[in-house]
Amino acid sequence: MKTPKISKAVVRRLPVYLRYLQLLDEMNIRTVSSYELGQKLDMNPAQIRKDLAYFGEFGRKGIGYEVGYLVEKIKQILKLDRHLNVALVGAGHLGIALSNYNRYTNEKMSIAAIFDTDREKIGTQVGNLIIQHIDELEQAVREKEIRIGMITVPAPYAQGVADRLVEAGVKGILNFAPVSLLVPSDVHLRSADVTTELQSLAYYIEES
Ligand SMILES: NC(=O)c1ccc[n+]([C@@H]2O[C@H](COP(=O)([O-])OP(=O)(O)OC[C@H]3O[C@@H](n4cnc5c(N)ncnc54)[C@H](O)[C@@H]3O)[C@@H](O)[C@H]2O)c1
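Note that the coordinates shown come from a computational prediction; the quantities given were computed from them, not determined experimentally.

A.B. asks: Hey, could you go over the environment of Asp81 for me, with residue numbers and the actual values?
C.D. replies: As for its placement among the helices and strands, Asp81 is situated in the loop between α4 (67-77) and β4 (84-89). Apart from the residues within four sequence positions on either side, Asp81 is in contact with Lys75 and Gln76.

A.B. asks: Give a detailed account of the site of the ligand, specifying residues and quantitative values.
C.D. replies: Close to the ligand lie 27 residues, the nearest being Gly90, Gly92, Leu94, Ala177 and Val194. For the shell around the ligand, the secondary-structure elements that each account for two or more residues are α5 (93-101), β5 (109-116), α7 (155-168) and α8 (194-202). Here the shell around the ligand gets four residues from one element, more than from any other, and that element is α7. Here the residues of the shell around the ligand are counted per class, giving 15 nonpolar, eight polar and four charged.

A.B. asks: Quick rundown of the UniProt feature "binding site: NAD(+)" (unreviewed entry) in the protein chain? Include the residues and the values.
C.D. replies: Here the UniProt feature "binding site: NAD(+)" (unreviewed entry) sits at Gly90, Ala91, Gly92, His93, Leu94 and Gly95. Here Ala91 falls in the buried class, since 24 other C-beta atoms lie within 10 Å of it. Not counting chain neighbours up to four residues away, the residues in contact with Ala91 comprise Ile96, Ile114, Asp116, Lys121, Val126 and Ile131. Locating Leu94 in the fold gives a position in helix α5. You can call Leu94 partly exposed: it has 18 C-beta atoms within 10 Å. The residues touching Leu94, leaving out its near neighbours within four places in the chain, are Thr152 and Phe176.

A.B. asks: Could you give an account of the pairing of strand β9 (residues 172-175), with specific residues and numbers?
C.D. replies: Only one face of β9 is buried: it carries Ile173 and Asn175, and the other face, with Gly172 and Leu174, is open. In terms of strand pairing, strand β8 (residues 146-151) meets β9 through four bridges, oriented parallel. Bridging across to β9, Ile151 finds its partner in Asn175.

Criteria and thresholds
- Here the residue index of a chain counts from 1 through its sequence in written order.
- In keeping with the model being predicted, local features are shown solely for residues with a pLDDT of at least 70 and side-chain atom pairs are shown and tallied solely at 80 or more, while totals for entire chains, interfaces and linings include all residues.
- Helix and strand labels come from DSSP, where a helix needs a run of H or I of at least four residues and a strand needs a run of E of at least two; each type is numbered from the N terminus.
- Whether two residues are in contact depends on their C-beta atoms, placed from the backbone: they are in contact if these lie within 7 Å.
- Defining nearness, a residue is near a molecule or strand when the C-beta atom obtained from its backbone falls within 6 Å of it.
- Classification used: nonpolar for Ala, Val, Leu, Ile, Met, Phe, Trp, Tyr, Cys and Pro, charged for Asp, Glu, Lys and Arg, polar for all others including Gly.
- UniProt positions are given in the numbering used here, feature names are shortened, and annotations may be inferred rather than shown by experiment.
- Three exposure classes are used. Buried residues have 20 or more other C-beta atoms within 10 Å of their own C-beta, exposed residues have 12 or fewer, and partly exposed residues fall in between, all C-beta atoms being placed from the backbone.
- DSSP-based pairing: two strands are paired if at least 2 bridges between them are found.

Written out as structure tokens, the structure is:
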């Protein structure tokens, strides 16, 4: 299916809507207004209406949005209605924790391979996966049709790992290492950083 071109900002907000809408769906709540969504998500209802109107007007005045329909529509737009394999590089403390979770977006997106360079770790099991040597990355990406890479190696090694992931054909990278990475323009890069989030929270905390 051809999906409309959506701005990066909207693409980042859609998963936030989706998570809450799925919760409503599980509670058998059939409709929700942009006002309620705004209250729950601490977002502006006008912004939500604008975002949702982006891909077709389906909120009804006085009734709101149909939760089930919206869930399906957002999944379709984000292309979450298909399996996506992810590779994780760096089977350390963080990498193992992320691999053990491995239930991203209802199992449609999952870590399908995990890599490290530490000989002690290679061949050991994490969940249903065996840690592989990084030299097997290219082959695994090809064979398992891996499209996304997660980087959980120490910062000095992160760019090298990113380069290898790109070279292997990965089109999306989620970087956890505290370093800015360079990737070609056709590769989408996101960073996750607990430290910077904590630092920005510190600003709001009053002295006791
Ligand atoms: N984003 C966050 O919020 C957050 C939180 C915690 C840690 N981190 C970062 O995540 C990274 C991992 O942290 P950790 O505590 O799990 O470290 P760790 O030392 O426990 O694990 C790092 C792993 O990477 C492996 N490794 C090193 N070079 C490699 C390479 N070239 N290819 C493949 N594997 C390689 C090591 O053998 C090790 O198993 C660090 O960069 C750390 O700063 C980020």
